[in-house]
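Working through the structure, step by step
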Amino acid sequence: MALNKIISKIGIITPSRLQKPTLWIGIDAGATTGLAFYDKQIENIHMESDGFWGALQKIRYQLDHNMFTHNIVFVVENPALNKITWRRKGESEGVQDRMARNVGMNIAHAALWIEFAKQEGYRVIEVKPQNTKKDAKEFKKTFNVLNKTNQHERDAYCLVIGR
């Protein structure tokens, strides 16, 4: 790990920096974490969702069984990139407090995913959350995905597709 830090500071171009990523891992952080594993070489994408620890086990499995570990990029939806959310008029205080707690939890989970990927030596792309959510019907029509998906999996898919 120390050698990687030295290389990145002095800017030596290593073979892994010359090669394009072959595996993109999209992470939609939250209480239920959406995962998308996009293997660009064979144009294959796999989606699933789980809690934080279950998702971490699934990613560890992918990292342990992937031959191209130096060509992996994590794409993490990071709500901390959004500007501060102001309280909405017309919502009860309890509803606003719950929404603030949920956003705070998502920010913390995203920070953990980003820290994990960086400590493991992988490249990380942080993406600002978009307000454009696709429902299951629109998602299937747009991306021709036949499998049943939940919103977290669809969000993770949208992070990696087309990269």
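What comes next is a walk through the structure.

Reading the values: the criteria
Per chain, residues are indexed from 1 in the order of the written sequence. Totals for whole chains, interfaces and linings use all residues, but because this is a predicted model, local features are given only for residues with pLDDT of at least 70 and pairs of side-chain atoms are given and counted only at 80 or more. Think of the side-chain values as coming from all heavy atoms in the structure, minus any hydrogens and water. For helices, the fitted axis covers only the stretch in contact; all axes are lines through C-alpha atoms, and the angles between them, taken along N-to-C directions, range from 0 to 180 degrees. Going along the chain from the N terminus, every DSSP run of H or I of four or more residues is numbered as a helix, and every run of E of two or more is numbered as a strand. Comment on the angle field: the value is read as roughly parallel under 35 degrees, roughly antiparallel over 145, roughly perpendicular from 65 to 115, and oblique elsewhere. Put simply, a crossing is left-handed when the front helix is turned counterclockwise from the back one by less than a right angle, and right-handed when it is turned clockwise. Contacts are residue-level and defined by heavy atoms, with any inter-residue pair within 4.5 Å sufficient. In this classification, the charged set is Asp, Glu, Lys and Arg, the nonpolar set is Ala, Val, Leu, Ile, Met, Phe, Trp, Tyr, Cys and Pro, and all remaining amino acids, among them Gly, are polar. Take the number of residues in a helix, subtract one, and multiply by 1.5 Å to get its expected span. The buried label applies to any residue whose accessible area, calculated with a 1.4 Å probe on protein chains only, is under 20% of its type's maximum; exposed applies above 50%, and partly exposed to all values in between. We treat two strands as partners when DSSP finds at least two bridges between them.

All right, on to the packing of helix α5 (residues 136–143) against helix α6 (residues 151–160) then. Put simply, α5 and α6 touch, their axes get as near as 11 Å, and they point 30° apart. The orientation of α5 relative to α6 falls into the category roughly parallel. Crossing of α5 over α6 shows left-handed handedness. Facing α5, whose interface residues are Ala136, Phe139 and Phe143, α6 presents Arg154, Tyr157 and Cys158. In the contact of α5 with α6, the residues fall into 5 nonpolar, no polar and 1 charged.

Bringing helix α4 (residues 93–119) into the picture now. Over its 27 residues, α4 runs 39 Å from end to end, which matches the ideal 39 Å to within 8%, given 1.5 Å per residue. Along α4, the positions that sit buried rather than exposed are Gln96, His109, Ala110, Trp113, Ile114, Phe116 and Ala117. On its buried face, α4 is in contact with β1 (23–28), β2 (33–39), α3 (52–64), β4 (72–77) and β5 (123–127). Downstream of α4 by one or two residues, Gly121 has phi in the positive range, about 90°.

Quick look at the pairing of β1 now. With respect to burial, β1 is a largely interior element, 6 of its 6 residues being buried. Here β1 shows a buried face lined by Leu23, Ile25 and Ile27 and a second buried face lined by Trp24, Gly26 and Asp28. Joining the antiparallel neighbours β1 and β2 is a turn of 4 residues, in which Gly30 adopts a positive phi near 160°. Pairing of β1 with β4, which is carried by 6 bridges, proceeds in the parallel orientation. Each residue of the ladder has a partner; that of Asp28, found in β4, is Glu77.

Shape descriptors only; they carry no functional weight alone.
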